[in-house]
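# Structural characterization, general
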Amino acid sequence: MEEVVIIVGAGPSGLATSACLNFLSIPNIILEREDCFASLWRKRSYDRLKLHLGKQFCQLPHMPYPSGTPTFIPKAGFLQYLENYVSRFQINPRYHRFVESATYDKVAGNWQVVAKNTLSDESEVYLGKFLVVATGENGEGFIPNIPGLDGYGGEFMHCSNYKNGKRFVEKEVLVVGCGNSGMEIAYDLWEHGAVTSVVVRNPVHVLTKEMVLIGMSLLKYIPRKVVDCFIVFLSKLSYGDLSRYGLPRPREGPFYLKDLTRSSPIIDVGTIEKIKKGEIQVVPAVTKIEGDYVHFSNEKMNRFDAIIFATGYKTTVLKWLKGGEDLFNDDGMPKRRVPNHWNGKSGLYCAGFASQGLFGIARDAEYIANHINDIVQRK
């Protein structure tokens, strides 16, 4: 099947790219391995999830949120927004298409994508002048290789399989990872009556969602260094010195670290108050596991009924993309830094790899569609 643009992945990145191409009347097709769009949001996210950034930083191209939408949108509201987005731009992903390979044919001048139809178990071949990798940074959950984990006597899971804390009532639960997912899951576990501990290995910035909204708004007009100083001042004013609770603050500012290392500040949902009260325990890095007992770098140990790994994701693009070394590094992430990360050679692009959430996704999609349109118009 010959297409102009082949998009792999029907998450927000793929939907936004398809919408921008449809807006420019450029034929395209989305191949999606699951049975729905936005499967990460539908199937692999916890119930209490809410967008931590203000709605103006979370809208996709050509469709702002309707008036009356709350500033910080819950999961159900965002999924409804995507439903309306797909309908408005007449996006029709081909579901149950598991991409097995994508190869550029230099002679024919096109991309050949082989996808297995998981319903019929038949292979399909798609040809396109352009290929957009929209599988994003969250292809599959990452669980670190901790000595003894294979013999752990309790239950362990990646946070992508966590929904809520209902079945962990009165159980000892360890959350490994203190990013936004880890901290919010820790709070959710506490709220459901679990005895909760969270691993914090490195210094972290703790902000409120309102602080982040102020900072992102100021960055349009004020240098990042000044914004960082102001936001850190607000954080100190609100939270005080958190190092006594096992949460030291980094020397560099939160927005500087986000740009440099892709690491986000913790956007507090109430977890910090519980930590200060001793209702959620902070523990250092895990060194090994023996049976039901977890050992920590401070030479202490504790027994846990369950471990939830909020340790991030890794991309899956290198499992099926043949070539593309000019665009992706050995970890399956863009070689070039934002904002020059999205464009490779031979009509290859990536959307949703900027580590800048929905704001970065929207920008990627517009850049890619406009670049393809310029090429098409010149021919």
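Scroll up to find the structure this text is about.
Here goes a summary of the coordinates provided. (Residues numbered from 1 in each chain as written. Predicted model: local features only at pLDDT ≥ 70, side-chain atom pairs only at ≥ 80, totals over all residues. Heavy atoms only, no water.)

### Describing the pairing of strand S2 (residues 28-31)
- The alternating pattern of S2 places Asn28 and Ile30 on one face and Ile29 and Leu31 on the opposite face, and all of these are buried.
- Both strand S1 (residues 2-8) and S2 contribute to a ladder of four bridges, which runs parallel. Residue pairing for S2: Ile6 is matched across the bridge by Ile29. (Buried < 20%, exposed > 50% of the residue type's maximum accessible area, 1.4 Å probe, protein only. Helix = DSSP H or I, 4+ residues; strand = E, 2+ residues; numbered from the N terminus. Pairing = 2+ DSSP bridges.)

### Thoughts on the nonpolar core
- Residues Phe78, Leu82, Tyr85 and Leu189 are the most contacted members of the largest nonpolar core, which totals 80 residues.
- A per-element tally of this core places helix H9 (residues 357-378) first, with seven residues.
- Apart from the residues lying within four places of it in its own chain, the contact partners of Phe78 are Pro12, Trp41, Leu51, Cys58, Tyr65, Ile73 and Leu358.
- If you look at the next biggest cluster of nonpolar residues, it comprises 21 residues, including Ile29, Val99, Ala102 and Leu321. (Core = buried A, V, L, I, M, F, W, Y, C linked by side-chain atoms within 4.5 Å. Contact = heavy atoms within 4.5 Å.)

### Points about the state of the cysteines
- Overall, the coordinates contain zero disulfides when judged by the stated rule.
- Of all cysteine sulfurs in the structure, the one in Cys178 sits closest to Cys159, which takes part in no disulfide; the separation is 13 Å.
- Residue classification places Cys159 among the buried residues on the basis of a relative accessible area of 5%. (Disulfide = S-S within 2.5 Å.)

### Some details on helix H5 (residues 209-218)
- Considered for burial, the residues of H5 that qualify are Met211, Val212, Leu213, Gly215 and Met216.
- Each element contacted by the buried residues of H5 is listed here: strand S10 (206-207), helix H6 (224-239), helix H7 (254-261) and strand S11 (266-267).

### Here's the deal with unusual backbone geometry
- Across the junction of Val338 and Pro339, the peptide omega takes the value 10°, indicating a cis bond.
- Here Pro339 shows up in the loop between strand S17 (313-314) and strand S18 (348-350).
- Of note in this structure, Ser25 is not a glycine but carries a positive phi near 60°.
- Along the chain, Ser25 falls in the loop between helix H1 (12-23) and S2.
- Positive phi is not limited to glycine here, since Glu299 has a value of about 70°.
- For Glu299, the position within the fold is in the loop between strand S14 (293-296) and strand S15 (301-303).
- What makes Glu299 exposed here is its relative accessible area of 77%.

### Structural notes on the side chain of Thr315
- Counting through the fold element by element, Thr315 comes out in the loop between S17 and S18.
- One polar contact links the side chain of Thr315 to the main-chain carbonyl oxygen of Asp331, over a distance of 3.3 Å.
- Only 3.2 Å separates the side chain of Thr315 from the backbone oxygen of Gly332, close enough to count as a polar contact.
- Excluding residues within four positions of it along the chain, Thr315 makes contact with Gly136, Glu137, Gly139, Asp331, Gly332, Met333 and Phe353. (Polar contact = N/O pair within 3.5 Å; in protein donor to acceptor, adjacent residues only side chain to side chain.)

### Brief notes about the side chain of Asp268
- Within the fold, Asp268 resides in the loop between S11 and helix H8 (271-276).
- For the buried residue Asp268, which engages in no salt bridge, the nearest side chain bearing the opposite charge is Lys276, 8.2 Å off.
- Polar contacts involving the side chain of Asp268 include one to the side chain of Tyr239, which spans 3.1 Å.
- Polar side-chain contacts of Asp268 include one of 3.2 Å to the backbone nitrogen of Ile272. (Lys, Arg positive; Asp, Glu negative; His and termini not counted. Salt bridge = Lys/Arg side-chain N within 4 Å of Asp/Glu carboxyl O.)

### Topic: the pattern of salt bridges
- Under the definition given, this model contains 19 salt bridges.
- Notably, a salt bridge pairs Arg42 with Glu83, separated by 2.9 Å at the nearest N-O pair. Placement of the pair is Arg42 in helix H2 (residues 39-43) and Glu83 in helix H3 (residues 75-88), with a sequence separation of 41 residues.
- Accessibility expressed as a relative area gives 27% for Arg42, which makes it partly exposed.
- Classification of Glu83 by relative accessible area gives partly exposed; the value is 34%.

### Some details on the packing of aromatic side chains
- Counted by the stated rule, this structure contains 15 aromatic pairs.
- Between Trp342 and Tyr349, the ring centres sit 6.1 Å apart and the planes meet at 10°, which makes this aromatic pair stacked.
- A residue is classified by how much of its surface remains accessible, and Trp342, at 13% relative accessible area, is buried.
- On the basis of relative accessible area, Tyr349 is assigned to the buried category, the value being 1%.
- In textbook terms, an aromatic cluster arises when at least three aromatic residues are bridged by ring pairs, as seen for Trp41, Tyr65, Phe78, Tyr81, Tyr85 and Phe89.
- Above the face of the Phe37 ring, Arg42 is positioned so that its terminal group lies 4.5 Å from the ring centre.
- Here the guanidinium or amino end of Lys209 rests over the ring plane of Phe72, the centre of that ring lying 5.2 Å away. (Phe/Tyr/Trp six-rings, centres within 6.5 Å; stacked < 30°, edge-to-face > 60°. Lys NZ or Arg CZ within 6 Å of the ring centre and 35° of its normal.)

### What to know about the packing of H1 against H9
- At a minimum axis distance of 8 Å, the contact between H1 and H9 shows a crossing angle of 35°. Crossing hand, H1 versus H9: right-handed. Across from Pro12, Ser13, Ala16, Thr17, Cys20 and Leu21 in H1, the residues of H9 making contact are Leu358, Ile361, Ala365, Glu366, Ile368, Ala369 and Ile372.
- Looking at side-chain class alone, the contact of H1 with H9 contains 10 nonpolar, two polar and one charged residues. (Axes fitted to C-alpha atoms, helices over the stretch in contact; angles between N-to-C directions. Left-handed = near helix turned anticlockwise from the far one by under 90°. Nonpolar A, V, L, I, M, F, W, Y, C, P; charged D, E, K, R; others polar.)

### Digging into the sheet that holds S14
- The strand order S13-S14-S15 describes an open sheet built from three strands, whose pairing is antiparallel. One side of each edge strand has no neighbouring strand; the edge strands of this open sheet are strand S13 (286-290) and S15. For this sheet the average axis-to-axis angle between neighbouring strands, irrespective of direction, equals 25°.

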